[in-house]
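# Residue-level structure breakdown
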Amino acid sequence: MAVKDDPFISVIRLSIVAVIVVLSFWALFAIVNNESGGSVAAGEAAGGISTATIELSEFAIEGDLTLPTGDVDVTVVNVGGVDHDLTIRGSFGTQLISAGQSEVLELRDLQPGTIEVYCSVPGHEGAGMVGTITVAEGAVVAGGGHGEHEDPDWEALDQAMIDSILAFPAETEGLGNQLLEPTILADGTKEFELTAEIVEWEVEPGKFVEAWTYNGMVPGPAIKVDLGDKVKVIVHNKLPMGTDVHWHGVDTPNNMDGVAPLTQPLIRSGEDYVYEFVADAPAIGMYHAHHHAQMQVTNGMFAIFQIGDMPIPYGQTIGGVEIPADLEVALDIPMVVNDAGVIGYSINGKSFPATQPYVVNKGDWIVATYYNEGLQIHPMHLHQFGQLVFAKDGFPLDNPYWADTINVAPGERYSVLIHAEDAGAWVWHCHILTHVEREEGMFGMVTAVIVQDN
Ligand SMILES: [Cu+2]
């Protein structure tokens, strides 16, 4: 790492894993803290090095943001799912840290003041990965201390997990995936109206975020049409920036593909736009923004778009299991997963315990379709029951197969059939454990199938 010619940098020393900077500038912001008893002040033990922990995630910088003066080893842990770093504004910081990894940033001779830090991965600062470290005489480091590590409060951790699970299912405002009813025009065209707008969305109980939505819900309203239908979608853009709508996995003329400025002009803020095409091929598709998708989609602008019926393998015997020719689907579950932006780890726009439980009777058949609108792969695991994968991205499989964990990558859709043969509450979740649990308890990509004994 090259050291920039910064007049504020008065001392620079290279250490094993990081470059240490001391900005004399900080002294200007000296915090008066003379009353402090200084129980864990770095200065107390001559040559003592305090330790602290800062956690990076999508999209936050959290942890010990108040540090004592003197020498501090900050363990920077990436508890998120994608690469992050911790960079000191105008200076430097850690290397790019992979998910689950950490790096020690050795800060030496800290003086009272403030240090602005952020993640330098493009888009991450804007999404919330920015913060201020306050350096104060005698500051007590919560997660670090002075080398001597306190045992975690195991009992409190036990209780946090129990409480978080017992909170399921929790009521929250707002429900995504609501079926959008068309207006039928004189020539039979099904006309739908979408308004792209930012609304307050309750992702988990009490946690409201500024979601980017279609018609004020996450996921946006579900659009389902029949094979051969003429489809017209009017889009009103009430976002502060331009947008477009891509019909993912749906056969359209090129000029309806929704990729501004390649196939259409950008729908600028305040403008309307009309998409028209014939639903001439079956689809288990999605619609979402393509323009600045890394921001608009992750923040909520995604939804399902289905043409025709699910291609269930009626009457076939697969892996020794006969799929009834007269099978009736008791419940059709769209499971749209996301993991980024303001929505974060979620199923259908909600984080556990706000996710929806699915209640069926013993012996019922369930169809579920996973749609991954996030940035990461999610191995979706259902306890107890096999999942018969019968379509991939809407394409019926000639050889459907059974699995109990299905890796769903960004952009993919898997359609599965489930026979709920055993009564009980069966957990259904992503099997990347940090997508479903944190120290505060269970969260994120978890729900359950409740099979009632009849
Ligand atoms: Cu996951």
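Before reading further, recall that the structure is shown in the block above.
A short tour of the structure in this document, coming up. (Residues numbered from 1 in each chain as written. Predicted model: local features only at pLDDT ≥ 70, side-chain atom pairs only at ≥ 80, totals over all residues.)

### Some remarks on the overall build of the protein
Looking only at helices and strands, one finds 2 helices and 34 strands in the protein. Evaluated residue by residue, the protein yields a buried proportion of 40% over its 454 residues. At a minimum sequence separation of 6, the contacts of the protein that also span at least 24 residues come to 71%. (Helix = DSSP H or I, 4+ residues; strand = E, 2+ residues; numbered from the N terminus. Buried ≥ 20, exposed ≤ 12 C-beta atoms within 10 Å, placed from the backbone. Contact = placed C-beta atoms within 7 Å.)

### Here's the deal with the pairing of strand 13 (residues 207–214)
Sheet analysis places strand 12 (residues 190–204) next to strand 13, joined by 8 bridges and oriented antiparallel. Bridge pairing links Ile198 to Trp212 in strand 13. (Pairing = 2+ DSSP bridges.)

### Considering the environment of Lys350
Along the chain, Lys350 falls in the loop between strand 23 (344–347) and strand 24 (358–361). What makes Lys350 buried here is the crowd of 26 C-beta atoms within 10 Å. Measuring from C-alpha to C-alpha, the distance between Lys350 and Glu202 comes to 7.6 Å, with 148 residues separating the pair along the chain. What Lys350 contacts, discounting residues up to four positions off in sequence, is Thr172, Val203, Glu204 and Thr355.

### Remarks on the sheet that holds strand 5 (residues 66–68)
Ordered in space as 5-10-9-7, the 4 strands form an open sheet in which the pairing is mixed. The sheet terminates laterally at strand 5 and strand 7 (87–88), the two strands that pair on one side only. Pairing analysis gives 3 bridges linking strand 5 to strand 10 (residues 130–136), with the strands arranged parallel. Along strand 10, the bridge assignment pairs Leu67 with Val135.

### Some remarks on the nonpolar core
In this structure, Val235, Phe305, Met335, Ala368, Tyr370 and Ile418 are the most contacted members of the largest nonpolar core, which totals 73 residues. Grouped together as the second largest cluster of nonpolar side chains are 25 residues, Val76, Leu105, Ile115 and Val135 included. (Core = buried A, V, L, I, M, F, W, Y, C linked by C-beta atoms within 7 Å.)

### Overview of the sheet that holds strand 8 (residues 102–110)
The mixed open sheet is built from 4 strands, whose spatial order is 4-3-6-8. Each having just a single partner strand, strand 4 (60–63) and strand 8 make up the two edges of the open sheet. Strand-to-strand twist in this sheet, taken as the mean axis angle between neighbours without regard to direction, amounts to 25°. (Axes fitted to C-alpha atoms, helices over the stretch in contact; angles between N-to-C directions.)

### Some words on the pairing of strand 27 (residues 387–392)
Across 5 bridges, the pairing between strand 27 and strand 28 (residues 395–403) is antiparallel. Residue pairing in the sheet places Val389 in a bridge with Tyr401 of strand 28. Here strand 27 hands over to strand 28 after 2 residues, with Asp393 in that stretch at a positive phi of 55°. Of the pairings in the sheet, the one linking strand 27 to strand 30 (residues 413–420) comprises 4 bridges and is antiparallel in character. Counted as the bridge partner of Lys392 is Tyr414 from strand 30.

### Observations concerning unusual backbone geometry
Each neighbour pair has its own omega, and for Phe168 with Pro169 the value is -10°, a cis peptide bond. For Pro169, the position within the fold is in the loop between helix 1 (154–166) and strand 11 (183–184). Cis geometry is adopted by the peptide bond preceding Pro261, which originates at Ala260 and carries an omega value of 0°. Here Pro261 lies in the loop between strand 16 (246–248) and strand 17 (272–278). With phi around 45°, His292 is a residue other than glycine that occupies positive phi space.

So far we have only geometry, and geometry alone does not tell us how the molecule works.
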